[in-house]
Amino acid sequence: MSVQAPHLFSSDFLWGAATAAYQIEGAHLKHGKTLSVVEKNMNKNYADPSIASGHYQYWEKDIALMKELGLKAYRFSISWPRILPDGRGKINQEGVDFYRKLINKLKEYEIEPIVTIYHFDLPQCLQEEYGGWSSRKVIDDFEAYCQVLFTYFDDVNYWLTINEQSNMFQLPYLMEFNPDIPLEKQKYEMNHIMTLAHAKAIHLCRTLLPNAKIGPALGIIPNYPASPKPEDTLAARHADEMRTYLFMDLYMKGEYRPFVWNYLVENGIEPTVEPEDMTCIQSAKPDFIGINYYQSRVVKFIPEDADKKELKLNYDGQDDDTQYDNTPGLFEGMTNPFTPKTRWDWEIDPIGFRYILNELYDRYQVPLMITENGLGTLDELTADKQIHDQERIDFLRDHIWQLQLAIKDGVEVWGYMPWSFIDLLSTSSGFRKRYGFVYIDRDDKDIKTLERIKKDSFFWYQKVIASNGCQL
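The model shown is predicted, which means the values in this text are computed figures rather than measured ones.

This next bit is on the packing of helix α10 (residues 230-253) against helix α11 (residues 258-266). At a minimum axis separation of 9 Å, α10 and α11 run at an interaxial angle of 95°. One element, α10, and the other, α11, form an angle in the roughly perpendicular class. Residue-level inspection shows H238, E241, M242 and L246 of α10 in contact with α11, the latter providing F259, V260 and Y263. Taken together, the residues of the contact of α10 with α11 sort by class into five nonpolar, one polar and one charged.

Below is the structure:
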């Protein structure tokens, strides 16, 4: 279906796509690179990161495909342990050279590099040495890592500090926790330390790269009340406070929301805040906010004596027992009967996209950049090497339409980076769950040829970009 849209995107709008190092590069223990926490903890039922999408080997071919697609920008992450194999100290020149070549080629093709500093890949050696994000020692190491990036890649104009800080709380394979310390206490301690690291990165960027723009990338899920009951409406508010505005207010205002802080204190899980912490955070206001949006959620109130549930993901698209997390006394997630679902049971809610963009822009009055948005599903390669992914086209078309309406509402948006440019190693579901515009000929058990094959969505998005969003 072809939909003509109003012309609402600026002439310099950054049409792009996104990936992450550990999911695409491969060569995870080669060319000087060491292991990261997320690579160590990936689901063993699926492919490992040793090959991934083979991007470390085929990067030139991949960037040529980006040029063919017409990308104006490419969001990718730099692997901390590829740059600093020991987490600090000696620089791995092979790693620096790889990203230098990548950035040079992107610029040659007039594709704006948008670099994520940290996308879940803490060097495992730092985890083993002092507990990673549970220790304030990581702040200095992270700042030193940032200094290397800002020095060697000083021609990058857009930086993202930390990807999905909020999601790292809920998914244990993205962090490692000390079993001797209460889990909730650790989570909020780590969050505070990570926010300080984010602030240090912004301060350093302002000093070394005064013309660059820098901000966080946060996973956002708007919460709707399950019913008009006042207690469900309040539950939705509390879910937004705990899952979104805790992080956003720290980033944008340098403060803990009173409701959240009071909840943490009442439950004895508040982080340690040293005298200069909040001054450091408050003085590091981002230039923009990166938004990763995939779905919305419905919540209801649950009493304090309810059983605590931990988040259970639907790993393979066949598990009907997806479990929504809860916070007894505040809220419990549940399915939305009014929205369709992906094959992984995620709500498909384009209108929620417009809603949350308006909410965030109204609250914080800084530009937004869509740093992830996409559909993970089961793509089938036909006998004549075609991938007819109309389901993905429909998803993206509907979200871009709502993005235009948000811009019409007055929201300032700099760019749109769908997840993902190419099929990559899904953190929870391997190569079974595919997101890309470009198909990778491999699966979880067989590396096959790693051939790059353009999907129907590739040609569709190519037209969207060429028309600057007018032809959907």
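All right, on to the environment of L357 then. Along the chain, L357 turns up in helix α13 (residues 350-364). We classify L357 as buried; its relative accessible area is 0%. In this structure the C-alpha to C-alpha distance between L357 and E129, which are 228 residues apart in sequence, comes to 40 Å. Apart from residues lying up to four places away in sequence, L357 is in contact with I291, L368, I370, L403, A406 and V411.

Moving on to the sheet that holds strand β12 (residues 413-416). If you walk around this closed barrel you meet the eight strands as β1-β2-β3-β4-β5-β7-β11-β12, and the pairing is parallel. Sheet twist, expressed as the average angle between the axes of neighbouring strands with direction ignored, equals 30°. Summarising the sheet, strand β1 (residues 14-18) and β12 pair through two bridges and their orientation is parallel. Considered in β12, the bridge of W15 is made with Y416. Against the sheet, helix α14 (residues 390-409) makes contact with β1, β7 (289-293), β11 (368-372) and β12, and its axis sits at roughly 170° relative to β12, the strand it touches most.

To continue, consider the environment of S50. Take S50: it is sitting in the loop between α2 (37-40) and α3 (55-69). Along the sequence, S50 and A27 sit 23 residues apart, while their C-alpha atoms lie 5.3 Å from each other. Setting aside its immediate chain neighbours within four residues, S50 contacts G26, A27 and H28.

On the secondary structure map, N211 appears in the loop between α9 (183-208) and β5 (213-220). Take N211: its relative accessible area is 71%, and that puts it in the exposed class. Once the C-alpha coordinates of N211 and Y158 are considered, the two residues, 53 residues apart in sequence, prove to be 9.5 Å apart.

Further remarks concern the packing of aromatic side chains. Tallying each qualifying case throughout the model produces 27 aromatic pairs. Ring geometry for Y294 versus Y435: centroids 6.1 Å apart, planes at 70°, classification edge-to-face. With a gap of 141 residues between them, Y294 in the loop between β7 and β8 (297-300) and Y435 in the loop between β12 and β13 (438-440) connect regions that are remote in the sequence. In this pair, the class of Y294 matches that of Y435, namely buried. One aromatic cluster is present, formed by F9, F13, W15, Y416, F437, W460 and Y461 through successive ring pairs. The aromatic ring of Y245 is capped on one face by R363, whose charged end is 3.6 Å from the ring centroid. Positioned above the aromatic ring of W346 is the side chain of K433, whose terminal nitrogen or guanidinium carbon lies 4.0 Å from the ring centre.

The rules behind these values
Numbers given for residues are sequential positions, taken from 1 along each chain in its written order. Reporting in this predicted model follows two pLDDT cut-offs: at least 70 for local features of residues, and 80 or more for side-chain atom pairs to be given and counted; totals over whole chains, interfaces and linings ignore these cut-offs and use all residues. To obtain the side-chain values, all non-hydrogen atoms of the structure were used and water was disregarded. Axis angles are defined between N-to-C directions and span 0 to 180 degrees, where every axis is a line fitted to C-alpha atoms and, for a helix, only to the segment in contact. Every helix listed is a DSSP run of H or I at least four residues long, and every strand listed is a run of E at least two residues long, numbered separately from the N terminus. Angle categories are assigned with fixed cut-offs, so that under 35 degrees is roughly parallel, over 145 is roughly antiparallel, 65 to 115 is roughly perpendicular, and the rest are oblique. We call two residues in contact when some of their heavy atoms are within 4.5 Å. Three categories are distinguished: nonpolar for Ala, Val, Leu, Ile, Met, Phe, Trp, Tyr, Cys and Pro, charged for Asp, Glu, Lys and Arg, and polar for the others, with Gly belonging to the last. Under the scheme applied here, a residue whose accessible area is under 20% of the maximum for its type counts as buried, over 50% as exposed, and between as partly exposed, the area being computed with a 1.4 Å probe on protein chains only. DSSP-based pairing: two strands are paired if at least 2 bridges between them are found. Only the six-membered ring of Trp is used, alongside the rings of Phe and Tyr, when aromatic pairs are assigned; centres must lie within 6.5 Å, and planes under 30 degrees apart are stacked while those over 60 apart are edge-to-face, with the rest tilted. Lysine NZ or arginine CZ positioned within 6 Å of the ring centre and within 35 degrees of the ring normal marks a charge as sitting over the ring.

These figures come from the coordinates and say nothing about function on their own.
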